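Below are the chains, spelled out letter by letter.
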Amino acid sequence: MRVPISVTVNGTVYHHEVEPRLLLVYYLREVLGLTGTHIGCDTSNCGACTVMMNGLAVKSCTVLAVQANGAEILTVEGLARDGQLHPIQEGFWEEHGLQCGYCTPGMMIAALQLLQRNPDPSEAEIRHALEGNLCRCTGYQHIVNAVRYAARKMKESGAMPVGGR
Amino acid sequence: MAVTRVFGARIKRREDPRLITGTATYTDDIVIPGMCYTVIVRSPYAHARIKRIDVERARKHPGVVAAFTGKDLEGKVNPIPCAWLIPGSDLKTPPHPALAVDRVRYVGEGVAVVVATSRHAAADAASLVEVEVEPLPAVVNQEKAMQPGAPQIHDGVPNNVAFHWKVSSGDVGRAFQEADVVIRQRMVNHRLIPNAMEPRSCVAAYNRGSGDLTIWMTSQNPHIHRVLLSGILGIPEHRLRIIAPEVGGGFGSKIPCYADEAVVAFCAMQTGHPVKWGEDRRENYLATAHGRDHIVDLEVAAKKDGTITAIRGTCYANLGAYLSTAAPGVPTILHGLMMCGPYTIPNIDYEVYGIFTNTTPVDAYRGAGRPEATYYVERLVDMVARKLNMDPVEVRRKNFIPKDKFPYTVATGITYDSGDYEASLETLLRIIDYPNFRKEQEKAWKEGRYLGIGFSTYVEICGLGPSQVAGAVGFQGALWESALVRVHPTGKVTVLTGASPHGQGEETTFAQIVSEELGIPIEDIEVLHGDTEMIPMGWGTYGSRTTAVGGAALFVACRRIVEKGKKLAAHLLEASEQDILFEGGRFFVKGAPDRAKTIQEVALQAYLAWNLPAGFEPALEATAFYDPPNFTYPFGAHACIVEVDPETGTVKIRRYVAVDDCGRVVNPLIVDGQVHGGLAQGIGQALYEYAYYDDFGQLLTGSMSDYAVPKASQLPPFETARTETPSPHHPLGLKGVGETGTIASTPAVANAVVDALQPLGIHHIDIPLTPPRVLAAIRQAQGR
Amino acid sequence: MRLEGTYTLEAPRDRVWELLNDPHVLVRCTPGMKQLEPAEGDTFKATMEVGVGPVKGTFQGKVEVAERKAPEQITLRVQGGGSAGMVRAEGTITLREEDGRTVLSYVGEAQVSGLIASVGQRMIGSVAKMLADQFFSNLIKEASASR
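Since the model is a prediction, treat every value here as computed from it, not as a measurement. (Residues numbered from 1 in each chain as written. Chains lettered and ligands numbered in written order. Predicted model: local features only at pLDDT ≥ 70, side-chain atom pairs only at ≥ 80, totals over all residues. Heavy atoms only, no water.)

Q: Please set out the overall build of chain C residue by residue, giving values where relevant.
A: In terms of helices and strands, chain C carries 4 helices and 7 strands. Secondary structure elements in chain C, listed N-terminal to C-terminal, are β-α-α-β-β-β-β-β-β-α-α. Over its C-alpha atoms chain C spans a radius of gyration of 15 Å, differing by no more than 12% from the 15 Å that the globule rule assigns to 147 residues. Structurally, chain C occupies a C-alpha span of about 45 × 35 × 25 Å along its principal axes. At a minimum sequence separation of 6, the contacts of chain C that also span at least 24 residues come to 49%. Between the averaged position of the 18 positive side-chain charges in chain C and that of its 19 negative side-chain charges there is a distance of 5 Å. (Helix = DSSP H or I, 4+ residues; strand = E, 2+ residues; numbered from the N terminus. Rg over C-alpha atoms; globule rule 2.2 N^0.38 Å. Contact = heavy atoms within 4.5 Å. Lys, Arg positive; Asp, Glu negative; His and termini not counted. Charge placed at Lys NZ, Arg CZ, Asp CG, Glu CD.)

Here is the structure:
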């Protein structure tokens, strides 16, 4: 049995028929070819698969593709606009917020959610907000720095974070 | 004309743009037309005799292309070899079949494989594989495995002892007789799961026409994988191409040659389809090598003034069910030889039993043997200080190898290249304001708060390493490194390295080295790695060797470029070669700096070859194969300040300060990142992480819900500082920094917790210092 | 994993013994038990649905009466498995008469492997206890209904 779905991903509308058991993360990766979103566990602990769904950060390994029917999804591939890196991407680059890069897409989406809710988070607030995203390389210090950089940058430019609808 | 110095500069990473935009290609992102998916069926039993494996129902499932058992592989896929055969240890190397045939020896061992046209079909069919077994008694604890009557895991390995290795020097017996204090302590350095965020995966494609096999895989050392897989699969090395695309962390777990990749390659060869395999996290926990897992009985002898005169110990190292690729070398060469730490301890007697158990194989995990040694030595030093009522800082100072004694050969026989241990400790004490902390601690104790400080002054063996030594200690490979520097006609540069970085940032640091040496802008330099068809032979990334050995190879190759360039520049400038100087990317005549050619101009002429000196070969590229004369020995001093809640046993890290000396620093930002990540893993071992098996061999911490990978909120902000003592034998003075944080931090945390609990008379608590353990120790001490 | 417990049933021992030996009662009382058919000898083939934390699955297995001492003691051996893992268990139920009531105690050892062990282990002990409680409270209901 296949179920028709239509999903808007990074501003583009897609129509597909999918197996009901297909996970959103596999839909993104293997049907749409958007492999920036990664899979790091099977218990929704690691957060590597975090994407924005209707403005909320979700773990796409625990969402079925059919549940995303009619939804707007933002993945790491949609963060930069017109060749301009998003301030969060810039922060991760400037502050060495990544090493192997595997957790980074999910980590940045989680950070985006945080900054939408709290544009000027403290170090403790950042660490708390990123609890659902594991990184094995950085020890998180540079990730915290990256989020603070992004917060400053977004404040200075007055830019609205993308995906904030 | 000034060129901005790039060596030593805080330059943001050049690998990041693809990683932060989601455009990097990891192994699991690769799709090949006609590609099939595989699932490896794994044993749920820790020890069992296989009675029957039936894949017929799986074969008939829609979408299934093939299904194989261990029997199907016999004669076609050779056993998985061990590649570190330590000498003089009576090492047993029982066969390790790629898929189990008659017996399974740990939960997670592969017994069958299913190939199907879709991920779902493969998973569905895998559940149809019927495995009938007769369960056998299992043993998971290494000490129990050595007891008479324990289940015997391999034929021809009595009492499951894989090897018995010993290092000894001096007169240990006498040192203990003449000691003023002797302390005996059993310590456990528990099992860990590496947890690279990217699980292992591979894609294998076989061309039946040409006989070429290509494997994209999550590898830290593609060339080593090529050699080993060539032997396992019977494919000539020149027909086998291993590509490590973007690799999402390894921490040692992507060094070994596992059965799985060989099985997947076999599937590709048998079916003619490109085949993909990827483990999920649960599979990763069962099938990817674990780390550490020692039980050690230790003794230390010391004089009243704090001089440590001897260490004696017996280490029981759990190897798991089979010998993983480097397993025998980790608890011996990389561990036992480091049992002197940064101290002048003259007498050492240390023996190691490597023991098989019905658990996942154990191999290198970040630090590999050295974190264990540092943990034991640093705990012992603290115990000596406590017993003598001395400051732990004083005991360390008392025993440090003095800086004017380097190169220094320690009792275990290895020669430390350089060090200034006192300097790093002094820097640390300044940063933490030590005298003030002790006052604060006194006050806290009076208020019933348990505040403590723990030190760890460590030295590690890095930059693996001289190949002659590698051979002498039984490593079935070499440890030199290759670098190829190709200056293109337009002056742009491609660098090929035989190391295989996977997050450590050498695409940036290597470009910095080349930019510095050749005076070429960093934007014009590209560093490539991880493809055996493109890269000269190399030995990969582990043992903090990439910059230490690969960077040295790169330096030598750059010097060869300059030498060749000088010859051509001299010809073009009509000067004598001896009069040509090279600086900032320009060849110029001594005393006439305006008579010059840029390296870009020289490169173009080298390729055009219209006007070359006699005997001069066209093109401008150089390859170097660099074999280091010695290992490098980074060191440092770390301090951790904790507060222990006596009611809950919770440990809160209030401050963590790391002063590291990794020789000269190419990029401080990246060095900080390496230190931070290492600290997280070392603190993780001290406080949170524990791979725990029940008595039947079931891994009870089998998911990320149960195994505590530290979260952002569980780690403190890190403070880092450095001293700089160049390695005297490295052409750039580098030492390596990939493992320092992990090696140093576990004992710093453990020492801090015990220090905090001094008023209760607590002498030792085994790691991980989880609230229940700490609380139990407190309750026991309070007589509650 | 060791399991043990004690319950008091408002029924004479012979009646409880009878109930314990009736496959229909066992199917009714065992949470998630779908089927229990007699097979060769003193064994039954069982189909059960169990969920432990995040892991849910259907188990197929064999229940063997290893020892039967009417009307006071029965020893059962259970061996089963499914996609969620494998269970091997052995348990003894002892019945003691006390003032016309029956004191039932059980003690058993279970060995769990596979997914259910590695992912569900934190819940296994309490789930097993809960299932046993449900089973015996159902049995208590059966016993009092039949009085």
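Q: An account of the packing of helix H2 (residues 87–94) of chain A against helix H5 (residues 141–157) of chain A is requested, with residue identities and associated values reported.
A: Helix packing for two helices is described by the angle between their axes and how far apart those axes are. All names here are of chain A. At a minimum axis distance of 8 Å, the contact between H2 and H5 shows a crossing angle of 135 degrees. The angle between the axes of H2 and H5 places the two elements in the oblique class. Between H2 and H5 lies a crossing of right-handed hand. Within the contact between the two elements, H2 uses Pro87, Ile88, Glu90, Gly91, Phe92 and Glu94 and H5 uses Ile143, Ala146, Val147, Tyr149, Ala150, Lys153 and Met154. Along the lines of polarity and charge, the residues of the contact of H2 with H5 split into 9 nonpolar, 1 polar and 3 charged. (Axes fitted to C-alpha atoms, helices over the stretch in contact; angles between N-to-C directions. Parallel < 35°, antiparallel > 145°, perpendicular 65-115°, else oblique. Left-handed = near helix turned anticlockwise from the far one by under 90°. Nonpolar A, V, L, I, M, F, W, Y, C, P; charged D, E, K, R; others polar.)

Q: Which residues make up the side chain of Thr138 of chain A, and what values go with them?
A: As for its position among the elements, Thr138 of chain A is in the loop between helix H4 (123–129) and H5. Residue class for Thr138 of chain A comes out buried when judged on its relative accessible area of 1%. In terms of polar contacts, Thr138 of chain A uses its side chain to reach the backbone amide nitrogen of Tyr140 of chain A, at 2.9 Å. Residue contacts for Thr138 of chain A: discarding those within four places in its chain leaves Gly97, Leu98, Gln99 and Ile143 of chain A together with His676 and Gly677 of chain B. (Buried < 20%, exposed > 50% of the residue type's maximum accessible area, 1.4 Å probe, protein only. Polar contact = N/O pair within 3.5 Å; in protein donor to acceptor, adjacent residues only side chain to side chain.)

Q: Break down the packing of aromatic side chains for me, with residues and values.
A: All names here are of chain B. The final tally for this structure, using the stated rule, is 22 aromatic pairs over all chains. Seen in terms of ring centroids, Tyr421 and Phe635 are 4.9 Å apart; in terms of plane orientation they differ by 75 degrees. Their pairing is edge-to-face. With a gap of 214 residues between them, Tyr421 in helix H12 (residues 421–432) and Phe635 in strand S26 (residues 635–644) connect regions that are remote in the sequence. Judged by centre distance (6.4 Å) and plane angle (85 degrees), the rings of Tyr656 and Phe718 are edge-to-face. On the criterion of sequence distance, the pair formed by Tyr656 in strand S27 (residues 651–661) and Phe718 in strand S28 (residues 718–722) is long-range, its members being 62 residues apart. Note on Tyr656: relative accessible area 0%, which makes it buried. (Phe/Tyr/Trp six-rings, centres within 6.5 Å; stacked < 30°, edge-to-face > 60°.)

Q: Summarise the interface of chain A and chain B; cite the residues concerned and give the values.
A: In this assembly, 47 residues from chain A lie in contact with 55 residues from chain B. Of the roughly 4,300 Å² buried between chain A and chain B on both sides combined, carbon and sulfur atoms contribute 55%. Here chain A is connected to chain B by 7 salt bridges. Put simply, Arg29 of chain A and Asp29 of chain B hold a salt bridge, and the shortest N to O gap is 2.8 Å. Elements represented by at least two residues in the side of chain A that touches chain B include exactly helix H1 (24–31), H2, helix H3 (104–117), H4 and H5 of chain A. Broken down by element, the residue count for the side of chain A that touches chain B peaks at 4 residues, all from H2 of chain A. Considered class by class, the residues forming the side of chain A that touches chain B number 20 nonpolar, 15 polar and 12 charged. (Buried area = accessible area lost by both parts, 1.4 Å probe. Salt bridge = Lys/Arg side-chain N within 4 Å of Asp/Glu carboxyl O.)

Q: Residues and numbers for the pairing of strand S12 (residues 275–278) of chain B, please.
A: All names here are of chain B. As defined by bridge partners, strand S1 (residues 36–42) adjoins S12 across 2 bridges and the pair is classed as parallel. Bridge pairing in S12 places Cys36 opposite Val275. Here 4 bridges tie strand S9 (residues 201–207) to S12, and the two strands are oriented antiparallel to one another. When the sheet's bridge partners are listed, Ala204 is paired in S12 with Val275. (Pairing = 2+ DSSP bridges.)

Q: A description of the interface of chain C and chain B should follow, citing residues and the corresponding values.
A: Across the contact, 14 residues belong to chain C and 13 residues belong to chain B. Overall, the association of chain C and chain B removes approximately 1,200 Å² of surface from exposure, summing both partners, and the carbon and sulfur fraction of that is 56%. Scanning the region where chain C abuts chain B turns up 1 residue pair in polar contact (both at pLDDT 80 or more). When contributions to the side of chain C that touches chain B are tallied by element, the ones reaching two or more residues are strand S6 (85–98), strand S7 (101–113), helix H3 (115–118) and helix H4 (121–145) of chain C. The greatest single-element share of the side of chain C that touches chain B, amounting to 4 residues, is contributed by S7 of chain C. Residue composition of the side of chain C that touches chain B, grouped by class: 7 nonpolar, 5 polar and 2 charged.

Q: Help me get a handle on helix H15 (residues 506–518) of chain B, residues and values and all.
A: All names here are of chain B. Over its 13 residues, H15 runs 17 Å from end to end, which matches the ideal 18 Å to within 8%, given 1.5 Å per residue. The element H15 is largely enclosed, with a buried count of 12 among its 13 residues. Following H15 by one or two positions, Gly519 has its phi on the positive side, about 65 degrees. (Expected span 1.5 Å × (residues − 1).)

Q: Any chance you could break down unusual backbone geometry for me, citing the residues and the numbers?
A: Leaving glycine out, the prevailing phi sign among residues is negative, and the prevailing peptide bond configuration is trans. With omega at -5 degrees, the peptide bond leading from Ile767 of chain B into Pro768 of chain B counts as cis. The topology assignment puts Pro768 of chain B in the loop between helix H19 (740–756) and helix H20 (771–781). Cis geometry is found at the peptide bond from Ala70 of chain C to Pro71 of chain C, where omega equals -5 degrees. By secondary structure assignment, the location of Pro71 of chain C is in the loop between strand S4 (55–69) and strand S5 (73–82). A positive phi is found at Asp433 of chain B, a non-glycine position, where the angle reads about 50 degrees. Note that Asp433 of chain B resides in the loop between H12 and helix H13 (434–446). Note on Asp433 of chain B: relative accessible area 37%, which makes it partly exposed. Backbone geometry at Ala619 of chain B places phi at a positive 75 degrees, although glycine is not the residue there.

Q: Quick one: what's the story with H3 of chain A, residue by residue and with numbers?
A: Residue and element names in this part refer to chain A. Given a rise of 1.5 Å per residue, 14 residues ought to cover 20 Å, and the 20 Å separating the end C-alpha atoms of H3 matches this to within 8%. For H3, a buried count of 12 out of 14 residues is recorded, marking the element as mostly surrounded by other parts of the structure. Those residues of H3 lying buried are Thr104, Pro105, Gly106, Met107, Met108, Ile109, Ala110, Ala111, Leu112, Gln113, Leu114 and Leu115.

Q: Could you give me a rundown of the sheet that holds strand S2 (residues 12–18) of chain A, with the residues and numbers involved?
A: Residue and element names in this part refer to chain A. The strand order S2-S1-S5-S3-S4 describes an open sheet built from 5 strands, whose pairing is mixed. Unpaired on one side and paired on the other, S2 and strand S4 (56–59) mark the two borders of the sheet. Along the sheet, successive strands turn relative to each other by an average axial angle of 40 degrees, direction set aside. In this structure, strand S3 (residues 50–53) lies alongside S4, joined through 4 bridges in antiparallel fashion. Within S4, the position partnered with Met52 by the bridge is Ala57. Contacts from H1 reach strand S1 (3–9), S2, S3 and strand S5 (72–74), with the element oriented near 105 degrees to S2. Strands S3, S4 and S5 of the sheet are contacted by H3, whose axis makes an angle of about 45 degrees with S3.

Q: Just give me the short version of the pattern of salt bridges, but keep the residues and values in it.
A: All names here are of chain B. Summed over all chains, the structure comprises 77 salt bridges over all chains. In this structure, Glu394 engages Arg397 in a salt bridge whose closest nitrogen and oxygen atoms are separated by 2.6 Å. Here the residue Glu394 and the residue Arg397 both occupy positions in helix H11 (residues 392–399), the gap between them amounting to 3 residues, near one helical turn. As a salt-bridge pair, Arg655 and Glu719 come within 2.8 Å of each other at their nearest N and O atoms. With Arg655 in strand S27 and Glu719 in strand S28, this residue pair connects regions lying 64 residues apart in the sequence. A relative accessible area of 28% means that Glu719 is categorised as partly exposed.

Q: Kindly report on the confidence of the model for chain C, identifying the contributing residues and their values.
A: All names here are of chain C. Taken over all residues, the pLDDT of chain C has a mean of 85, while the share at 70 or more is 95%. At the low end of the mean pLDDT range in chain C sits H3, at 78; at the high end sits helix H1 (residues 13–20), at 91. Among the scores for the predicted complex, ipTM is 0.97 and pTM is 0.94. (pLDDT = per-residue confidence, 0-100.)

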